Amino acid sequence: MSLNEHTAQNAAVAWLQDLGYTHIAGNALERDLKKVVLENELKKFLKTTYPSVPETARNEAFGQFTQHEGMEVAYRNQDFHRKLTQGIDIAWKDAQGNEKAKHLYPIDYAHSENNSFVVSDEVSIVGKNSRRTDLIIFINGLPLIVFEFKNPFDSTVGVENAHRQLHNYVLDIPQLFDYNAICIASDGLEALHGMYSSALEWFAPWKSLDGDDTEQKAELQLETLLHGLFPKKTLLDYLQHFIFHEDHNGKIIKKGAKYHQYWGISRAVESSLKNIKPNGDGRLGVIWHTQGSGKSISMAILTGILRQRPELKNPTIVIQVDRSDLDQQLHDNFVLAKDLVGDVQHAESTDDLRRLLSSDGGGVIFTTIEKFRLKTDTERSRSDRDEIQLKERVHPILSERYNLIVMADEAHRTQYGFESGGFAQNIRRALPNASFIGFTGTPVDGKDADTEQVFGPTIHTYDIKQAVEDGATVPIYYEPKMVPLNIKAKYTQELEEVEEQAEDTTVGVWAAVEDAAGSEDRVKTVAKDILKHFTARTKTLDGKAMVVCMSRRNCVKMYDALTALEDCPEIAVIMTSSPGKDPVSWNAHMRTKDAMEAVKSRFKNPEDPLKMVIVRDMWLTGFDAPCAHTMYVDKIMKGHNLMQAIARVNRVFEGKPNGLVVDFIGISGFLAEATKKYTGSGGAGKPTLDLDAAVELCLEQLSIVKSLLGGFELDDINEMPATEKMKWTTSVLNELLKDDATTEGYLKEERKLSELMAMTNSDERIWEIQEDVAIIQKFREQIRKIKSPPGAQRTKNDRIKDLISKSLESQAIVDLAAMYNLDKIDISIVDDSFQAIVKDKGGENIKIELLRRIINDELKVRMSKNIKKGRKLKDELEKVLGKYHKNSLDSIAAIKHLLDIANEMKEDDKRTKELGLTEDELAFYDLLSANRAILNEAGPVQDLVHTVVASVKKNLQLDWTKKENARAAIRLAVKKELRGKVPFSELDKLLKEVIEQAEGQYGEWPLLG
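Residues numbered from 1 in each chain as written. Predicted model: local features only at pLDDT ≥ 70, side-chain atom pairs only at ≥ 80, totals over all residues. Heavy atoms only, no water.

Trainee: Break down the overall build of the protein for me, with residues and values.
Mentor: Regarding its fold elements, the protein presents 38 helices and 25 strands. Taking all 1009 residues of the protein together, the buried fraction comes to 54%. As displayed, the protein offers around 45200 Å² of accessible surface, 49% of which is attributable to carbon and sulfur atoms. (Helix = DSSP H or I, 4+ residues; strand = E, 2+ residues; numbered from the N terminus. Buried < 20%, exposed > 50% of the residue type's maximum accessible area, 1.4 Å probe, protein only. Areas by Shrake-Rupley, 256 points an atom, 1.4 Å probe, with all protein chains shown as cover.)

Trainee: So what about a negative patch on the surface? Which residues, and what values?
Mentor: On the surface, a cluster of negative charge is contributed by Glu713, Asp715, Asp716 and Glu719. Inspection of the secondary structure assignment puts Glu719 in helix H25 (residues 714-719). (Patch = residues over 30% accessible without salt bridge, like charges linked within 9 Å, V, L, I, M, F, W, Y side chains within 5 Å. Salt bridge = Lys/Arg side-chain N within 4 Å of Asp/Glu carboxyl O. Lys, Arg positive; Asp, Glu negative; His and termini not counted. Charge placed at Lys NZ, Arg CZ, Asp CG, Glu CD.)

Trainee: Outline the sheet that holds strand S7 (residues 182-186), listing residues and values.
Mentor: Across the sheet, which stays open at both edges, the six strands sit in the order S1-S4-S5-S6-S7-S8 with mixed pairing between neighbours. Looking at the sheet topology across the chains shown, the edges are occupied by strand S1 (22-23) and strand S8 (191-194). Strand direction decides the pairing type here: strand S5 (residues 130-139) and strand S6 (residues 142-149), joined by five bridges, are antiparallel. The residue bridging Ile139 from the neighbouring strand is Leu142, located in S6. (Pairing = 2+ DSSP bridges.)

Trainee: Let's hear about the packing of helix H19 (residues 520-540) against helix H20 (residues 552-563): which residues, and what values?
Mentor: Between H19 and H20, whose axes approach to 9 Å, the crossing angle comes to 55°. Considering the angle they form, H19 stands oblique to H20. Seen from above, H19 lies across H20 with right-handed handedness. Contacts between H19 and H20 pair Val523, Lys524, Val526, Ala527, Ile530 and Leu531 from the former with Lys557, Met558, Ala561 and Leu562 from the latter. By residue class, the composition of the contact of H19 with H20 is eight nonpolar, no polar and two charged. (Axes fitted to C-alpha atoms, helices over the stretch in contact; angles between N-to-C directions. Parallel < 35°, antiparallel > 145°, perpendicular 65-115°, else oblique. Left-handed = near helix turned anticlockwise from the far one by under 90°. Contact = heavy atoms within 4.5 Å. Nonpolar A, V, L, I, M, F, W, Y, C, P; charged D, E, K, R; others polar.)

Trainee: Outline the nonpolar core, supporting the account with residue identities and numerical values.
Mentor: Leu144, Phe147, Ile182, Phe230 and Tyr238 are the most contacted members of the largest nonpolar core, which has 116 residues in total. If near-sequence neighbours (up to four positions away) are discounted, Leu144 is found in contact with Phe80, Leu84, Ile107, Ile137, Ile139, Tyr179, Asn180, Ala181, Ile182 and Leu239. Formed by 37 residues, the second largest nonpolar core is a distinct cluster that contains Ile464, Val613, Met618 and Trp619. (Core = buried A, V, L, I, M, F, W, Y, C linked by side-chain atoms within 4.5 Å.)

Trainee: Quick one: what's the story with the sheet that holds strand S11 (residues 283-289), residue by residue and with numbers?
Mentor: Read across the open sheet, the seven strands follow the order S13-S14-S12-S17-S18-S11-S19; overall the sheet is parallel. Where the open sheet ends on each side, the last strands, each with one partner, are strand S13 (344-346) and strand S19 (458-462). For this sheet, the mean inter-axis angle between neighbouring strands, taken without regard to orientation, is 20°. As judged from the five bridges shared by S11 and strand S18 (residues 435-440), these two strands associate in the parallel manner. Residue Ile287 lies in a different strand from S18, and its bridge partner there is Phe439. Sheet strands in contact with helix H13 (residues 350-358) are strand S12 (316-321), S13 and strand S14 (363-368), and its direction is about 155° off that of S14.

Trainee: Report on the environment of Cys549, specifying residues and quantitative values.
Mentor: You can see Cys549 is positioned in strand S21 (residues 544-549). Overall, Cys549 belongs to the buried group, its relative accessible area being 1%. The sequence separation of Cys549 and Arg616 amounts to 67 residues, and the corresponding C-alpha distance is 5.2 Å. Excluding its chain neighbours within four sequence positions, the residues that come into contact with Cys549 are Asn554, Cys555, Met558, Ile614, Val615, Arg616, Asp634 and Lys635.

Trainee: If you had to explain the packing of helix H9 (residues 259-275) against helix H10 (residues 295-308) to someone new, which residues and values would you point to?
Mentor: The geometry of H9 relative to H10 is characterised by a closest axis approach of 10 Å and an angle of 40° between their N-to-C directions. Taken together, the axes of H9 and H10 are oblique relative to one another. Note that H9 runs across H10; the crossing there is right-handed. Only Ile297, Ser298, Ile301, Leu302, Ile305 and Leu306 of H10 make contact with H9, whose side of the interface consists of Gln261, Ile265, Ala268, Val269 and Ser272.

Trainee: So what's going on with the pattern of salt bridges? Which residues, and what values?
Mentor: Tallying each qualifying case throughout the model produces 31 salt bridges. For Glu597, the salt bridge identified is with Lys600, shortest N-O distance 3.7 Å. Pair noted here: Glu597 and Lys600 are both in helix H21 (residues 593-604), with a separation of three residues, about one helical turn. Counted as one network, the salt bridges with shared partners bring together Glu370, Lys371 and Arg373.

Trainee: How would you explain the state of the cysteines if you had to name every residue and give the values?
Mentor: Per the counting criterion, the structure on display carries zero disulfides. Not engaged in a disulfide, the cysteine Cys555 finds its nearest cysteine sulfur in Cys549; these two sulfurs lie 4.5 Å apart. Residue Cys555 is classed as buried on the basis of its relative accessible area of 0%. (Disulfide = S-S within 2.5 Å.)

Trainee: An account of the pairing of strand S2 (residues 88-93) is needed here, citing residue identities and associated values.
Mentor: Only one face of S2 is covered, namely the face carrying Ile88, Ile90 and Trp92; the face carrying Asp89, Ala91 and Lys93 is uncovered. Pairing of S2 with strand S3 (residues 99-104), which is carried by six bridges, proceeds in the antiparallel orientation. Its bridge partner being in S3, Trp92 is matched across the sheet by Lys100. In sequence, S2 turns back onto S3 through a hairpin of five residues, with Gly97 there showing a positive phi of about 85°.

Trainee: Tell me what's going on with the environment of Arg373, and back it up with residues and numbers.
Mentor: Within the secondary structure, Arg373 sits in the loop between S14 and strand S15 (376-380). Looking at Arg373, the relative accessible area reads 36%, which means it is partly exposed. Remark: the alpha-carbon pair of Arg373 and Ala424, spanning 51 residues in sequence, is separated by 9.7 Å. At a separation of 3.3 Å, a polar atom in the side chain of Arg373 contacts the side chain of Thr350. (Polar contact = N/O pair within 3.5 Å; in protein donor to acceptor, adjacent residues only side chain to side chain.)

Trainee: Describe the packing of aromatic side chains, with residues and values.
Mentor: On inspection of all chains with the given rule, the structure shows 22 aromatic pairs. For the pair Phe603 and Trp619, a centre-to-centre distance of 6.1 Å together with 35° between the ring planes defines the contact as tilted. With a gap of 16 residues between them, Phe603 in helix H21 and Trp619 in the loop between strand S23 (610-615) and strand S24 (628-634) connect regions that are remote in the sequence. Among the residues examined, Phe603 registers a relative accessible area of 0% and is labelled buried. Residues Trp619 and Phe623 carry aromatic rings whose centres are separated by 4.4 Å and whose planes lie at 20° to one another, so their mutual orientation is stacked. Since its relative accessible area comes to 2%, Trp619 is described here as buried. One aromatic cluster in this structure is built from Trp206, Tyr238, Phe242, Tyr259, Tyr262, Trp263 and Tyr462. Above the plane of the ring of Phe62 lies Lys43, whose end atom (NZ or CZ) is 4.9 Å from the centre. (Phe/Tyr/Trp six-rings, centres within 6.5 Å; stacked < 30°, edge-to-face > 60°. Lys NZ or Arg CZ within 6 Å of the ring centre and 35° of its normal.)

Trainee: Account for the side chain of Asn115, naming residues and giving values.
Mentor: The residue Asn115 is located in the loop between S3 and strand S4 (117-126) in this model. A polar contact of 2.8 Å, which involves the side chain of Asn115, links it to the backbone nitrogen of Asp108. A polar contact is formed between the side chain of Asn115 and the backbone oxygen of His111, at a distance of 3.3 Å. Other than its neighbours up to four places away in sequence, Asn115 contacts Phe45, Ile107, Asp108, Ile139, Asn140 and Leu236.

Trainee: So, the side chain of His68: which residues are in play, and what are the values?
Mentor: As for its position among the elements, His68 is in the loop between helix H3 (55-66) and helix H4 (73-86). Since its relative accessible area comes to 15%, His68 is described here as buried. A distance of 3.4 Å separates the side chain of His68 from the side chain of Tyr179, its partner in a polar contact.

See below:
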């Protein structure tokens, strides 16, 4: 049977041959089975590339490239990787006794055509045990990439089996992994790349061929991976720059970039070389990669590449952040990536920063932005009695070099401040010829209009939705558990506009809400619910939690309330402190810098008994604790702050299916607003049946099932090359999965065929069709595999269902998701439907109010675009809310009605596209369609809509609604279009409606519309 794991393997070979790789069968390689290097290939490369180096020196180089330091694979692999990417120095004496030296690489990275690329299948290796690998790619004889395939047509195995086998290879044939750069695990459907030592959750798909588009179809993963990562030039670039080792106190961790990091960094390198001063304007661009998707790794890799570019002449890279805790964490990550970035210097003070920047050498310098402050010196007067404060007027110039790049982390907020003495202005005075690039985990919105002026346009985007689909982050689920604030109804309008303030604010809405949130009874209620919820959650999913409160005062209150409860785990309050101002009762929560770092390490350690931390703002940005899976929110947050906060629970961790945000204060409206920016019987026959009749039935059934597959001939399939087989099976599978009816119909007919085969397989007439039936059954297995993924993925899906069901059971909550067929509560996808998930009786009033706000906000935007429809929806909204407030409508029904209104808005968007209209034409379409009975127009209404809207827009001018002559001109133009198409008796009435819509829609022209 030709459809098996070799189908995917052979397809991979064929695709690699298309890319210019040479295929040599494993048993045809010239090598000792105990050795993994094709020694003749490597020697040939060294001789061809370095002909001026004498043979003895080349032999020494060969020895260095094939012998590695270290007792363990991890150390030997790191040693080889350094030689692979950084080369080695070889010295010798010439005939005259003169010292000679040369730097040699085992790969010509600049000219991919100068290297040999061999793909070899079924390569036998003798180690501690004898093993035969599916596929190895040798570059200049070095075995750098290992593939392991599993059968696409076997529903009992999946990509996790291939991954497990790779880990066993490390133990059985360790000499292969001294050299390994990349591992590929594939079952024909999924195809994941990763490092030999990584757990499966760190293996990832490669979803883009050139960085501009992503390929979401799972069945194309192998093809996309090979054509995206394995073109020779791309692969060599990846090997040289995008893989590195971190040394964690003696434990070596190997890491490689994901596809979004590779393409984002590649874009950044390209933009940097093009726009760096003096050739460009010094604005190198912004990279938006969502929180948790490896932004710090991307910054380190980019730094390493820029430092190596010869045209930049040993540049200095200044890594600039806006807070000291972010500075420390990012600095630590760079130090771990020393192989990439080299030595890293840290500016401990303003004077230290000025000293570092004034030197001419290159390197990497870390600093917070506030160190670019103006200095103040103290002088004594002549009488030595008085002290005089002398402050700099302007920041001094520290360096006028052009090869100086400032890399800003979180390119928002403090990166501005161009007023005199502002940090951003000071940087530009200090480094007048520097160039700037920004990294951010949140999108650049209207409030950040300065971002492009400072850093340039966004050059690469990787949002939450894509990160979750790729498994780079886990999805975040939302659970509302409102504990109402008495003050909320009174301050509804103010809360719409409230921004986070310092806790010392003694007046205004923020202070009022803080007091209400911190009331004794409420804090006790919330604390009790947090502990109950956390205890239930950690029964099925071990991990840690963060509690976010409005103020430091409320943090301490929450700590006291939680620790007073029985069975409360160990908790810590994480907050800044001011011994001179803070109450003595807060002393237990005051920590030195070292003590704070110790607590941070404990919380990050999944085995440590510290299970929960309470925070106000510390640790809500730039803090990674992958084992944290739950965030309890009792603080109003918006926009960047909110998205950065909830991203603390989106990090990938072994066995962690999702992060959860539990909302006690009502942030769902703000969450919806923020997420918008971040972003498819029975058997036949009886045992007593006559055998001849059964054979005939079987052959007939075979014909029926083959027709469902589009018909096929066995000989044609067997003659297909592997790539064609993959494409054919993919095409057939897509057709079978196009809808549930088609899938079920196929499975039903296939089951009939299989039962008939079982009944008749002793008959020789059936033997001839067994291979045909085997192909048909392979598709059944693939369908089952897709519908119910094997192994880890299935366990993960079941765990999510288990978590949700347990939560519903323990909380006795109303499951609106099931009741109204809503999507799962996943806020990583931009969708307002999660607003409707009310999980606590008693919280409905607040949920309805929040939902009302969302719909009202949407109506404000849409009202001017479609007055008639807007009024209708507004009337419906008021009617539903009116009934609800009069207690004549159940809260669940009210929420359903509100969702229907929201869905009607979504349907309008869909209808606009289907009708071929622009957004502002839809209202005029509705208006004219409502009057279709009086129109004399034969063609589609859209034609008339286009001409009417065009006539309105053609005559618009500034303040036209206030100028009678301008209004008259528009009336006349519209009347001209309608004349003859509308009865004279109806013309004025229709004209009035069109003008009213035009006033609502284009009244603010040219600012709107």
